[in-house]
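Breakdown of the fold
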Amino acid sequence: MQVLSVASEVYPLVKTGGLADVAGALPLALAHRGVEVRTLLPGYPSVMRAVGDARRVMAIPDLLGEEATVLEAHHKGLDLLILDCPALFDRAGGPYVDDAGKDHPDNWRRFAALSKAGAMIAQGIAGGVDGWRPDLVHVHDWQAALVPVYMRYASEPEIPTLITIHNIAFQGQYGFDIFKGLELPPHALSIEGVEYFGGVGFLKAGLQASWAISTVSPSYAEEILTPEFGMGLEGLLAYRSEDLTGIVNGIDADVWNPQTDPHIKAHYSIDTLHLRAANKQAVADRFGISQGTGPLFCVISRLTWQKGMDLLAEEVEHLVEAGVRLAVLGSGDHALENAFHTAARRHPGMIGVISSYDEPLSHLMQAGSDAIIVPSRFEPCGLTQLYGLRYGCVPVVARTGGLNDTVIDASTAALAASAATGVSFSPITAGTLRRALRRAVRLFDEPKVWTAMQKQGMKSDVSWEMSAGLYASLYSDLLIRKGA
Ligand code: ADP
């Protein structure tokens, strides 16, 4: 089976969050199942540098008014198609923002171009890529959501499409004024097309046009049918609920392996958990936190409201009172960054904060911290709790979305059955977070119980194996539907 995947970020080339991890790991996991995936992504400067010499496989002289080419490259097991369009992608900053952290004002055009190129490749328009045609197209999030829309409005035979929602909060919503620049036929500006709340909605249009919709956990698939989580799209999703599924993300078990991880101080396994102590010391050193045998909890996160970081900021005093040392790695909302830095100044030796994006350090933290705190208000899947499970870093999580589907709370029954893998709490408030953290400290104080939880977590299957199988069967169902 040949699949074209379209995403705006792909690990290890460019990453701002979990989407990149999925877009980078799923193709590798599917390869074992006879599914060949080619991934289209924008030629940002970092991508162009990383792939070096790439073969030109398609010319698009007029892609929404810009000159573009598609390059073919192979990188770390990934089969890539890179949309080289300097006018749109050769610029400073991140994939979506400039150096000052502001959204590029033409993001709608940049990602409409990505989508249009994806549709052209899928349907072999302008020759496509060396005559290659996928059996199915899998697109990710609003940045690629117009692929099925362009495909639907082209006069080519339909190919099955799947859209995956990684976070419904990011919808790609714009005013009507951009419609002309999308170069879609006039009738696409309708409720069946791209029209959304008096403007143009990329994700909305993709949800409407795709054959099937998935999101990254079963709980989140249910949550987004409600106004609280659906963020305006719940009606459309309810209408399409028969075509909606939730498949939990896996993690790359080779990159995240405490027995071989090059970023950690001491390797260990489920049978040698005591060796984590050297990593714990190294984490304390990196964060300027004092050494000790008491609990060291960590946060590896965007510092945002979604991630519940304001709730944690409210609770740091109580944490310190309970004797917990806290290492925070993350940046985001300036007020939240300041709150954590202020707390660190008030409690030297107990709280350390590093406001950067540091992939190697995030590995060391999982390998050395006793627990990772993930108090998200909503969490489509969440990856850090999965890394935590694999590394014996016990997750303390809000009971929502993928956190709910992947962490088993240390209830009396779960502890008795040796099934517990973490601590979870709801409703999601500062008070319930406080109680969950206190519960985690009490469990930590019982080494036998704590170690059993660590081990149970390490035994959980967080790899892509199972989920890749679910995607493969979803793809097969769509191909059967096409034949029907
Ligand atoms: P989201 O995609 O909503 O940010 P996820 O939990 O799905 O949340 O994925 C976040 C990913 O980004 C994880 O791989 C996590 O380890 C990583 N990450 C987040 N913040 C940092 C940071 N400051 N430094 C290194 N890695 C980070």
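Residues numbered from 1 in each chain as written. Predicted model: local features only at pLDDT ≥ 70, side-chain atom pairs only at ≥ 80, totals over all residues. Heavy atoms only, no water.

1. Describing the pattern of salt bridges
According to the stated counting rule, one finds 19 salt bridges in the structure shown. With a closest N to O distance of 2.9 Å, Arg-55 and Asp-130 form a salt bridge. Linking Arg-55 in strand β3 (residues 55-63) with Asp-130 in the loop between α4 (107-123) and β6 (136-140), this pair joins segments that are 75 residues apart in sequence. Take Arg-55: its relative accessible area is 45%, and that puts it in the partly exposed class. Ionic pairing is found between Arg-377 and Asp-310, a salt bridge with its closest N-O pair at 2.9 Å. Taken together, the positions of Arg-377 in the loop between β16 (371-374) and α16 (384-391) and Asp-310 in helix α13 (residues 309-321) put the pair 67 residues apart, joining distant regions of the chain. (Salt bridge = Lys/Arg side-chain N within 4 Å of Asp/Glu carboxyl O. Helix = DSSP H or I, 4+ residues; strand = E, 2+ residues; numbered from the N terminus. Buried < 20%, exposed > 50% of the residue type's maximum accessible area, 1.4 Å probe, protein only.)

2. Concerning the site of the ligand
Residues in contact with the ligand amount to 19 residues; listed here are only the nearest, Lys-15, Gly-18, Arg-302, Lys-307 and Ser-356. Contacts to the ligand include Lys-15, whose side-chain N or O atom sits 2.9 Å from an oxygen atom. Here an oxygen atom of the ligand and a backbone polar atom of Gly-18 are 2.6 Å apart. For the ligand, the accessible surface in isolation is 570 Å², of which the surrounding protein chains cover 92%. Broken down by secondary-structure element, the contributors of at least two residues to the shell around the ligand are α1 (18-31), α15 (359-368) and α16. Looking at the shell around the ligand, you find at least three residues from each of domain 1 (2-250 + 465-483) and domain 2 (273-459). (Near = heavy atom within 4 Å. Polar contact = N/O pair within 3.5 Å; in protein donor to acceptor, adjacent residues only side chain to side chain. Areas by Shrake-Rupley, 256 points an atom, 1.4 Å probe, with all protein chains shown as cover. Domains from an automatic or database assignment.)

3. Some thoughts on the packing of aromatic side chains
The full count for this structure, using the stated rule, is 13 aromatic pairs. With centroids separated by 5.6 Å and ring planes inclined at 80 degrees, the aromatic side chains of Phe-111 and Trp-142 adopt a geometry described as edge-to-face. Here the residue Phe-111 occupies a position in helix α4, and Trp-142 occupies one in helix α5 (residues 141-144), the gap between them amounting to 31 residues. A relative accessible area of 8% means that Trp-142 is categorised as buried. The structure contains a cluster of three or more aromatic residues connected by ring pairs, namely Tyr-44, Phe-89, Tyr-96, Phe-111, Trp-142, Tyr-174 and Phe-202. Cation over ring: Arg-38 sits above Trp-132, and NZ or CZ is 4.7 Å from the ring centre. (Phe/Tyr/Trp six-rings, centres within 6.5 Å; stacked < 30°, edge-to-face > 60°. Lys NZ or Arg CZ within 6 Å of the ring centre and 35° of its normal.)

4. Some points on the sheet that holds strand β13 (residues 296-300)
Strand order in the open sheet formed by six strands is β15-β14-β13-β16-β17-β18, and the pairing between neighbours is parallel. A strand with exactly one partner marks an edge of an open sheet, and here the two such strands are β15 (351-354) and β18 (423-425). Ignoring which end each strand starts from, the neighbouring axes of this sheet average 15 degrees apart. Sheet analysis places strand β14 (residues 325-329) next to β15, joined by four bridges and oriented parallel. Note that in β15 the partner of Leu-329 across the bridge is Ile-354. Relative to the sheet, α15 contacts β13, β14, β15 and β16, its axis offset from that of β13 by approximately 150 degrees. Sitting on the sheet, helix α19 (residues 430-444) is in contact with β13, β16, β17 (394-398) and β18, with an inclination near 165 degrees to β18. (Pairing = 2+ DSSP bridges. Axes fitted to C-alpha atoms, helices over the stretch in contact; angles between N-to-C directions. Contact = heavy atoms within 4.5 Å.)

5. Comments concerning the sheet that holds strand β8 (residues 173-174)
In space, the three strands of this open sheet follow the order β8-β10-β9, with antiparallel pairing throughout. Every interior strand has two partners, whereas the edge strands, β8 and β9 (195-196), have only one. Strand contacts of helix α8 (residues 202-209): β8, β9 and β10 (199-201), with the helix running at about 60 degrees to β10, the strand carrying the most contacts.

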